[in-house]
Amino acid sequence: MGQPRGRGAPDQESGSMKPKVLVTRKVFPEVLERLGAHFELEVNDTERPWTADELLARVQDKAGIYLTPTNRVDAAVLDAGPGLKVVANMAVGFNNIDVAACTARGVLCTNTPDVLTETTADFGFALLLAAARRLTESERFLRAGQWRNWSFDMMMGREVHGSTLAILGMGRIGQAIARRGAWGFGMQVIYHNRSRLPADTEAALKATHVSKEALLRQADHLMIVLPYSAETHHAVGAAELALMKRSATLTNIARGGVVDDAALAGALRERRIAAAALDVFEGEPQVHPALLDLPNAVLTPHIASATVQTRRAMAQLAADNLIAGLGCGPQAGRPPTPLNPQVLAQGG
Ligand code: DGY
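Computed from a predicted structure; not experimentally measured. (Residues numbered from 1 in each chain as written. Predicted model: local features only at pLDDT ≥ 70, side-chain atom pairs only at ≥ 80, totals over all residues. Heavy atoms only, no water.)

Turning our attention to the overall build of the protein chain. Looking only at helices and strands, one finds 14 helices and 12 strands in the protein chain. On C-alpha atoms alone, the protein chain measures out to a radius of gyration of 22 Å, which is about the 20 Å that the 2.2 N^0.38 rule sets for 348 residues. If one aligns the C-alpha atoms of the protein chain with their principal axes, the spans along those axes are about 75 × 50 × 35 Å. Counting over 348 residues, the protein chain shows a buried share of 49%. Sequence-distant contacts, at least 24 apart, represent 62% of the contacts inside the protein chain between residues at least 6 apart. Carbon and sulfur atoms form 55% of the exposed surface of the protein chain, whose accessible area is close to 16000 Å². With 36 positive and 35 negative side-chain charges, the protein chain shows a spacing of 3 Å between the two charge centroids. (Helix = DSSP H or I, 4+ residues; strand = E, 2+ residues; numbered from the N terminus. Rg over C-alpha atoms; globule rule 2.2 N^0.38 Å. Buried < 20%, exposed > 50% of the residue type's maximum accessible area, 1.4 Å probe, protein only. Contact = heavy atoms within 4.5 Å. Areas by Shrake-Rupley, 256 points an atom, 1.4 Å probe, with all protein chains shown as cover. Lys, Arg positive; Asp, Glu negative; His and termini not counted. Charge placed at Lys NZ, Arg CZ, Asp CG, Glu CD.)

Dropping the structure here:
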């Protein structure tokens, strides 16, 4: 365990009383203004993310990073930034941070839970509906001038209401999806999660816990909401896809890498499952080329939380965390959503 890094101390070397903070991508001007009241900011105001090397070069004299999912903070970044005290991620997912390495060095990490739950669940449902009802495929067909006549089997999709919604991962977003399925669409909700929900929560969600194999076999619509980690890498690959019904759909709003995209493309091409909707991809913004030509794949660029209200709320919460984490503002020392609160307890 490394020494805790004191938070909130002025930067003596540069003479500035304001701690220096890196902002890895542009965010709302009012958020930058808020941050600027407390910190000396270095903002990436280009249209592209900084490379890993650019981040390393810029972190050396910084006390905090306002981090977006486009950049990763790992041991190399922590080594390059010996004065780093807080890494505030503007995302709920934090697979772009090596939290263990941060904790070992006394660096506080934060994320943005709760504020995006309902919005992300809305989008998950939009994707599920789009895949099941062939929405984007139908639109492309119409725009291409291919709609010449009515026919009984034109763009027939799969039923959503009354079908079985299978949720892999049952955190906040999984539960918000379950509510929509059970209460909005009269679906039977089954789920698989490492830890089972309390009985009263299951009853409120009308959700039944099943094994992963049963989940895959019974799914009419599989919704993937698992956080990414070494354990969940390719949690759905060729073997799992082979268990699914040919009529089933798969939606991934979790993280690229939880699904084996190459295996999924194969299953979609051979119609071993009916359709998929993906908002996240392995190695994004690159998309596996085999997915791009498939009519039964709905593809969106990681926008599940992208509404004006939610992105503002995420941006402000990340700012709250950074400001409080660096010992400033009314919540000094009490960041609202720490990932490694033990670092605070160390008295940094
Ligand atoms: C999150 O918050 O983890 C989202 O995926 C980022 O937009």
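We now examine the layout of surface pockets. Here the second largest pocket is characterised by a volume of approximately 190 Å³. Around the second largest pocket sit 19 residues that line it, and A131, R134, M156, A274 and A275 are the ones nearest its centre. Partitioned by chemical class, the residues of the lining of the second largest pocket number 11 nonpolar, four polar and four charged. (1 Å grid on protein atoms, 1.4 Å probe; cavity = no way out; pocket = protein on both sides within 12 Å on 5 of 7 lines; lining within 4 Å. Points joined across faces, edges and corners; volume = space filled by probe spheres on them. Nonpolar A, V, L, I, M, F, W, Y, C, P; charged D, E, K, R; others polar.)

Moving on: the sheet that holds strand β1 (residues 20–23). Taken in spatial order, the five strands line up as β2-β1-β3-β4-β5 in an open sheet, and their pairing is parallel. At either margin of the open sheet sits one strand with a lone partner, and together these are β2 (40–43) and β5 (108–110). Direction aside, neighbouring strands of the sheet carry axes that sit 15° apart on average. Pairing between β1 and strand β3 (residues 64–67): three bridges, direction parallel. Note that in β3 the partner of L22 across the bridge is I65. Packing against the sheet, helix α1 (residues 29–38) makes contact with β1, β2 and β3, and its axis sits at approximately 140° to β2. Contacts between helix α13 (residues 308–325) and the sheet are confined to β1, β3, β4 (86–89) and β5, with β4 contributing the most and set at about 170° to the helix. (Pairing = 2+ DSSP bridges. Axes fitted to C-alpha atoms, helices over the stretch in contact; angles between N-to-C directions.)

Omega for the peptide link from E284 to P285 comes to 15°, which places this bond in the cis form. With respect to the helices and strands, P285 occurs in the loop between β11 (275–278) and α12 (289–292). Positive phi, close to 50°, is recorded for H234, a residue that is not glycine.

Strand pairs in the sheet, formed through backbone hydrogen bonds, run parallel or antiparallel to each other. Pairing is parallel in the open sheet, where seven strands are placed in the order β8-β7-β6-β9-β10-β11-β12. In this open sheet, the two strands that pair with only one neighbour each are β8 (207–209) and β12 (297–299). With direction set aside, neighbouring strand axes in the sheet form an average angle of 20°. Summarising the sheet, strand β9 (residues 221–224) and strand β10 (residues 249–252) pair through four bridges and their orientation is parallel.

A few words now on the side chain of E137. Mapped onto the elements, E137 comes out in helix α6 (residues 135–143). Residue E137 is classed as buried on the basis of its relative accessible area, which comes to 14%. When near neighbours in sequence (up to four residues on either side) are disregarded, E137 contacts M155 and P295.

Turning to the domain arrangement of the protein chain, a few remarks are in order. Domain boundaries in the protein chain define domain 1 (8–113 + 308–347) and domain 2 (117–299). Put simply, the middle of domain 1 and the middle of domain 2, counted by C-alpha atoms, are 33 Å apart. Each partner contributes to the interface: domain 1 provides five residues, whereas domain 2 provides four residues. In this structure, the connection of domain 1 to domain 2 is made through zero salt bridges. Connecting domain 1 to domain 2 are two residue pairs in polar contact (both at pLDDT 80 or more). (Domains from an automatic or database assignment. Salt bridge = Lys/Arg side-chain N within 4 Å of Asp/Glu carboxyl O. Polar contact = N/O pair within 3.5 Å; in protein donor to acceptor, adjacent residues only side chain to side chain.)

This part covers the pairing of strand β7 (residues 188–192). The pairing of strand β6 (residues 164–168) with β7 spans five bridges and is classified as parallel. Following the sheet pairing, I167 is matched in β7 by Y191. For the segment spanning β6, helix α7 (residues 172–184) and β7, crossover handedness is right-handed. Of the strand pairs in this sheet, β7 and β8 are connected by three bridges, and their pairing is parallel. Looking at the pairing, Y191 lines up with H209 of β8. In this fold, the crossover linking β7 to β8 by way of helix α8 (residues 199–205) has right-handed handedness. (Right-handed = clockwise from strand over helix to strand, strands pointing away.)

We now examine the packing of helix α5 (residues 117–132) against α7. Helix packing for two helices is described by the angle between their axes and how far apart those axes are. Closest axis-to-axis distance for the α5/α7 pair is 9 Å, and the angle between their directions is 55°. Between α5 and α7, the angle falls in the class oblique. Here α5 and α7 pass one another in a crossing that is right-handed. Together, T117, E118, T120, A121, D122, G124 and F125 of α5 and R172, I173, A176, I177, R179, R180 and G181 of α7 make up the contact between the two elements. The residue makeup of the contact of α5 with α7, split by class, is five nonpolar, four polar and five charged. (Parallel < 35°, antiparallel > 145°, perpendicular 65-115°, else oblique. Left-handed = near helix turned anticlockwise from the far one by under 90°.)

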